[in-house]
Amino acid sequence: MDHSDTPAARVISVSAVVLTRPDGAVVTVRKSGTDRFMLPGGKWESGETPLECAIREIGEELGVTLAPGELTPLGRFETATANEPGFRLVSEVFAAEVDGGQEPRAEIAEARWVTPVQLEAVSGLPEDDCAPWAPLLVRVARGMRGHGSPLPT
């Protein structure tokens, strides 16, 4: 489906981060009042670059302090939104490695580490029917298939 004629007001622009711990698990988060697990991140603030947004959101949501050089850009993804029916999500996605001791903060109700085996299962789900996962997580998991890491080779 071509979304080039989608009004800008129907698009949500965000930055998201694939945070991977040493065993290859990726952290997912569920925001308060929602039921889908997604990559941590959030909406861009006025004048903020996607990288600046990613760094700010990871700090707010999980208490992780990252320097710009610690994030690897994975690309721009367009998917359905997880919690806003009728909108499209445009995500600038980054990857970083962490120790695994992150705790949910701010609007995050729950953080769940997803193992590489679980990510493989998530990658096979249809994006339009992937609960309890967000469509962006499914798309990114597909890109990780067979690599064991979201980092570009």
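Residues numbered from 1 in each chain as written. Predicted model: local features only at pLDDT ≥ 70, side-chain atom pairs only at ≥ 80, totals over all residues. Heavy atoms only, no water.

## Describing the overall build of the protein
Note the threshold: The helix count covers DSSP runs of H or I at least four residues long, the strand count covers runs of E at least two residues long, and both are numbered beginning at the N terminus. Burial classes: relative accessible area under 20% of the type maximum marks a residue as buried, over 50% as exposed, and values in between as partly exposed (1.4 Å probe, protein chains only). A 1.4 Å probe and the Shrake-Rupley method give the accessible areas. Residues count as covered only by the protein chains that appear here.
In terms of helices and strands, the protein carries three helices and six strands. When the elements of the protein are put in sequence order from the N terminus, they spell out β-β-β-α-β-β-β-α-α. Of all 153 residues assigned to the protein, the portion counted as buried reaches 42%. Here the protein has roughly 7700 Å² of accessible surface; of this, 52% comes from carbon and sulfur atoms.

## A word on the pairing of strand E5 (residues 88-97)
Filter applied, for reference: Strand pairing is defined by DSSP finding a minimum of two bridges between the two strands.
In terms of residue burial, E5 counts as a mostly covered element, since nine of its 10 residues are buried. Where strand E1 (residues 11-20) lies against E5, 10 bridges are found, and the strand directions are parallel. Directly across from Val17, in E5, lies its bridge partner Phe94.

## Observations regarding the packing of aromatic side chains
What counts here: A pair of aromatic rings is counted whenever rings of Phe, Tyr or Trp (Trp by its six-membered ring) have centres within 6.5 Å, and the orientation is called stacked for planes under 30 degrees apart, edge-to-face for over 60 and tilted otherwise. In this scheme, Lys NZ or Arg CZ marks a charge over a ring once it lies within 6 Å of the ring centre and within 35 degrees of the ring normal.
Tallied over the full model, the rule gives one aromatic pair. With a centroid separation of 5.9 Å and an interplanar angle of 50°, the aromatic rings of Phe37 and Trp133 are classed as tilted. On the criterion of sequence distance, the pair formed by Phe37 in the loop between strand E2 (26-31) and strand E3 (41-43) and Trp133 in the loop between helix H2 (116-123) and helix H3 (135-144) is long-range, its members being 96 residues apart. What makes Trp133 buried here is its relative accessible area of 12%. Across the ring face of Phe87, the terminal group of Arg10 is positioned such that the distance to the ring centre comes to 4.6 Å. Looking at Arg112, its charged tip hangs above the ring of Phe37, at a distance of 4.0 Å from the centre.

## Concerning the packing of H2 against H3
For the record, the criterion: Convention adopted: a line fitted to C-alpha atoms gives each axis, helices being fitted over their contacting stretch, and angles between N-to-C directions are expressed from 0 to 180 degrees. Put simply, angles under 35 degrees are roughly parallel, angles over 145 are roughly antiparallel, angles from 65 to 115 are roughly perpendicular, and the rest are oblique. Working rule for handedness: look at the near helix, and if it is turned counterclockwise from the far one by less than a right angle, call the crossing left-handed; if clockwise, right-handed. Contacts are assigned to residue pairs with any non-hydrogen atoms lying within 4.5 Å of each other. When residues are grouped by polarity, Ala, Val, Leu, Ile, Met, Phe, Trp, Tyr, Cys and Pro land in nonpolar, Asp, Glu, Lys and Arg in charged, and all others, Gly among them, in polar.
Orientation of H2 relative to H3, taken along the N-to-C sense of each, is 115°, at an axis distance of 8 Å. Taken as axis vectors, H2 and H3 run roughly perpendicular relative to one another. Every pair of crossing elements has a handedness; the one defined by H2 and H3 is left-handed. The segment H2 lies against H3, with Leu119, Val122 and Ser123 engaging Leu137, Val138, Ala141, Arg142 and Met144. Its residues assigned to classes, the contact of H2 with H3 comprises six nonpolar, one polar and one charged.

## Digging into H3
Counted residue by residue, H3 has seven buried out of 10 residues, so it is predominantly covered. Buried residues of H3: Pro135, Leu136, Leu137, Val138, Val140, Ala141 and Met144, and no others. Buried residues along H3 sit in contact with E1, E2, strand E4 (72-80), E5 and H2.

## Some remarks on the environment of Gly75
With respect to the helices, strands and loops of the structure, Gly75 is situated in strand E4. Separated by 16 residues in the primary sequence, Gly75 and Ser91 place their C-alpha atoms 8.2 Å from one another. In contact with Gly75, other than residues within four places in its own chain, are Ser91, Glu92 and Val93.

## Quick word on unusual backbone geometry
Both trends apply: most residues other than glycine have a negative phi, and most peptide bonds are in trans. The omega torsion across Ala131 and Pro132 is 10°, close enough to zero to call that bond cis. With respect to the helices and strands, Pro132 occurs in the loop between H2 and H3. Non-glycine residue Ala106 carries a positive phi angle of around 50°. Mapped onto the elements, Ala106 comes out in the loop between E5 and strand E6 (108-114).

Structural measurements only, silent on function.
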